[in-house]
Amino acid sequence: MLLVMREKARRPSSRGSTSHRSGLSPLTAQTLHGVPDSRLPHGGAAAHPRSGRSPLPHGGRRSAPCPRHPARPPPGRHAQPLSSPPQGWAPRGRAELPPGERGRAGTAAAGRAGGAAKMAAPLAGRAAVALRTLALRSARLRGSFPAVQLTPRRWLNLQEYQSKKIMADHGVTVQRFFVADSANDALQAAQRLKAKEIVLKAQILAGGRGKGIFNSGLKGGVHLTKDPEIVEQLAKQMIGYNLSTKQTPKDGVTVKKVMVAEALNISRETYFAILMDRACNGPVMVGSPQGGVDIEEVAVTSPELIFKEEIDIFEGVKDHQALQMAKNLGFKGPLEQQAADQIKKLYNLFLKIDATQVEVNPFGETPEGQVVCFDAKINFDDNAEFRQKEIFAMDDKSENEPIENEAAKYDLKYIGLDGNIACFVNGAGLAMATCDIISLNGGKPANFLDLGGGVKEAQVYQAFKLLTADPKVEAILVNIFGGIVNCAIIANGITKACRELELKVPLVVRLEGTNVHEAQRILNESGLLITSANNLEDAAKKAVASVAKK
């Protein structure tokens, strides 16, 4: 998952997308998903979930397992989720902090297009594959079927101030800041800071805040000032008003809090990241003295400026490793030791919060001789939610669609689309196929709803409530393959929902797998108007035809 923010002119990410255009940095996207050899320095092969190759060069191409870390599952508490992710794994949610602005924290946001403060993050398990695939297929779907519009689903969204607090709580140096939910609180916060210059940032999950517009008439969600009184005046025009950016809905998002932070000058910017590397079955440090820019550009144009250091997860970052990385990043004199200390603290953070990636860009120094993490992204391992309850409890769902929050209460994975045929499916792959085949037959999917494997009858009922509450839905297609799922449970849930909800839209059901004959008997003897389908294509044709008859 992720953390940390910046209102900086990097390539903006689309709302809630995944992978390369999603929340992962381009470099990390290479690491997790793989890119052509020509995109990597020294012709190095990108790490891929199944290839196990190293993403970055350290003397050239390497495909053999890391000699220092044999392929063995870490024992004890490290067995999961600190181990190298399994095949098919994808990081979950991500939040961002845009503290780093080139030349001065907060300055770039006010003057240039903002970076993505809200990124999507991939889902856990089947939903992870679903969202990643949805994001990658969205362009194709829209190209072939212009009516299909994807509404991305976001997971574990942390506001900038929440992410900064997590870092500060672990000893990582960030800007001093306060959070305010009223203009008077903002004034008091600005006065308490006693800073030479103050940056005021609206707290929403969308990127592009620096160039956003409030419905109060104020332009820009990020402002610099030296006068605390101005902070109060600006906060009055921010809090309670909607801020519209390129990544928000048309009407914008209501700003409920603002962050009042110390604005710092940056004399030099570097790049630093810690992430899991499949080839070494553990974490690696990646750094470059060229920070504050898209790191993949550095990897292509100046590969000699990319440094990689493998970490033994049982021993952690050693002093000489941290110092060597600080030297590689160009820190000199007392700043070298200071940077090494920050690197060790970032690694401790990486382990303690069960992160899969901690990326700091820029990892910079100030004219006053301070090493500061101005901007970072942190991906969390969703498998560790059971022991990271405090972090996951911070998830900001206020900007989600209400139907998404309602679905999450029942462990349903929901993504809204713009069509009129609701899809009720178990498994991400099957859901993708269902959406595709509806489109291929001239229909328009209204949603993506994944029941998952451990479905219960009550979940089926709640799923039908969600689907029928959408006024766009004119037909429902149930497509279930009973591997883990018992088809009879689905059938009982369907009949209960149809009776109690008095279903008024056509219902097409295709069931296969475990206990399918019992499920068909339940449906046939129910006396309900349910259209059965023999296969997926037959189901899609019947669902599309049922809408066309209206």
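Note that the coordinates shown come from a computational prediction; the quantities given were computed from them, not determined experimentally.

A. Layout of the UniProt feature "binding site: GTP" (unreviewed entry) in the protein. When the UniProt feature table is mapped onto this chain, "binding site: GTP" (unreviewed entry) is found at Gln 175, Gly 208, Arg 209, Gly 210 and Leu 264. Relative to the elements of secondary structure, Gln 175 occurs in the loop between helix H4 (160–169) and strand E2 (177–180). Its relative accessible area of 2% is what places Gln 175 among the buried residues. Of note is the side chain of Gln 175, whose polar atom sits 2.8 Å from the side chain of Lys 164. Considering the arrangement of structural elements, one finds Leu 264 in the loop between strand E8 (258–262) and strand E9 (268–277).

B. Examining the sheet that holds strand E20 (residues 531–532) more closely. Strand order in the open sheet formed by six strands is E15-E17-E16-E18-E19-E20, with mixed pairing between adjacent strands. The open sheet is flanked by strand E15 (413–416) and E20, the only strands paired with a single partner. Across the face of the sheet, helix H12 (residues 428–440) comes into contact with strand E16 (421–425), strand E17 (447–450), strand E18 (475–482) and strand E19 (507–513) while running at roughly 155° to E16.

C. Structural view of the nonpolar core. Judged by nonpolar contacts, the single largest core of 38 residues is most densely connected at Met 167, Phe 272, Leu 346 and Phe 363. For this core, the elements supplying multiple residues, two or more each, are H4, E9, helix H8 (319–328), helix H9 (334–352), strand E12 (355–365), strand E13 (371–373), strand E14 (376–380) and helix H10 (389–393). Here the element with the most residues in this core is H9; it accounts for nine residues. Other than its neighbours up to four places away in sequence, Phe 272 contacts Met 285, Val 286, Gly 287, Met 325, Leu 329, Ile 343, Leu 346, Val 358, Glu 359, Val 360 and Phe 363. Counting 36 residues, the second largest nonpolar core, distinct from the first, contains Ala 422, Leu 466, Cys 498 and Leu 507.

D. A look at the sheet that holds strand E6 (residues 242–244). Reading across from one edge, E4-E6-E7 is the order of the three strands in this open sheet, with antiparallel pairing throughout. The sheet terminates laterally at strand E4 (213–214) and strand E7 (253–254), the two strands that pair on one side only. Relative to E6, E4 runs antiparallel, the two being bridged by two bridges. Paired with Ile 213 across the strands is Ser 244, a residue of E6.

E. Structural view of the UniProt feature "binding site: Mg(2+)" (unreviewed entry) in the protein. Under the feature "binding site: Mg(2+)" (unreviewed entry), the UniProt entry names Asn 361 and Asp 375. Topologically, Asn 361 is positioned in strand E12. According to the relative accessible area criterion, Asn 361 is buried, its value standing at 2%. If you trace the backbone, Asp 375 turns up in the loop between E13 and E14. Note on Asp 375: relative accessible area 3%, which makes it buried.

F. Broad picture of H9. Its 19 residues place the ends of H9 27 Å apart at the C-alpha level, agreeing with the 27 Å of an ideal helix rising 1.5 Å per residue. Following H9 by one or two positions, Asp 354 has its phi on the positive side, about 55°.

G. The packing of H8 against H9, seen in detail. Where H8 meets H9, the axes come as close as 8 Å, and the angle between the chain directions of the two elements is 120°. Looking at the two axes, H8 sits oblique to H9. Pair H8 / H9 crosses with right-handed handedness. Contacts between H8 and H9 involve Asp 319, Ala 322, Leu 323, Met 325, Ala 326 and Lys 327 on the former and, on the latter, Glu 336, Gln 337, Ala 339, Ala 340, Ile 343 and Lys 344. Tallied by class, the residues present in the contact of H8 with H9 amount to seven nonpolar, one polar and four charged.

Parameters at a glance
Residues numbered from 1 in each chain as written. Predicted model: local features only at pLDDT ≥ 70, side-chain atom pairs only at ≥ 80, totals over all residues. Heavy atoms only, no water. UniProt positions renumbered as here; feature names shortened; annotations may be inferred. Helix = DSSP H or I, 4+ residues; strand = E, 2+ residues; numbered from the N terminus. Buried < 20%, exposed > 50% of the residue type's maximum accessible area, 1.4 Å probe, protein only. Polar contact = N/O pair within 3.5 Å; in protein donor to acceptor, adjacent residues only side chain to side chain. Pairing = 2+ DSSP bridges. Contact = heavy atoms within 4.5 Å. Axes fitted to C-alpha atoms, helices over the stretch in contact; angles between N-to-C directions. Core = buried A, V, L, I, M, F, W, Y, C linked by side-chain atoms within 4.5 Å. Expected span 1.5 Å × (residues − 1). Parallel < 35°, antiparallel > 145°, perpendicular 65-115°, else oblique. Left-handed = near helix turned anticlockwise from the far one by under 90°. Nonpolar A, V, L, I, M, F, W, Y, C, P; charged D, E, K, R; others polar.

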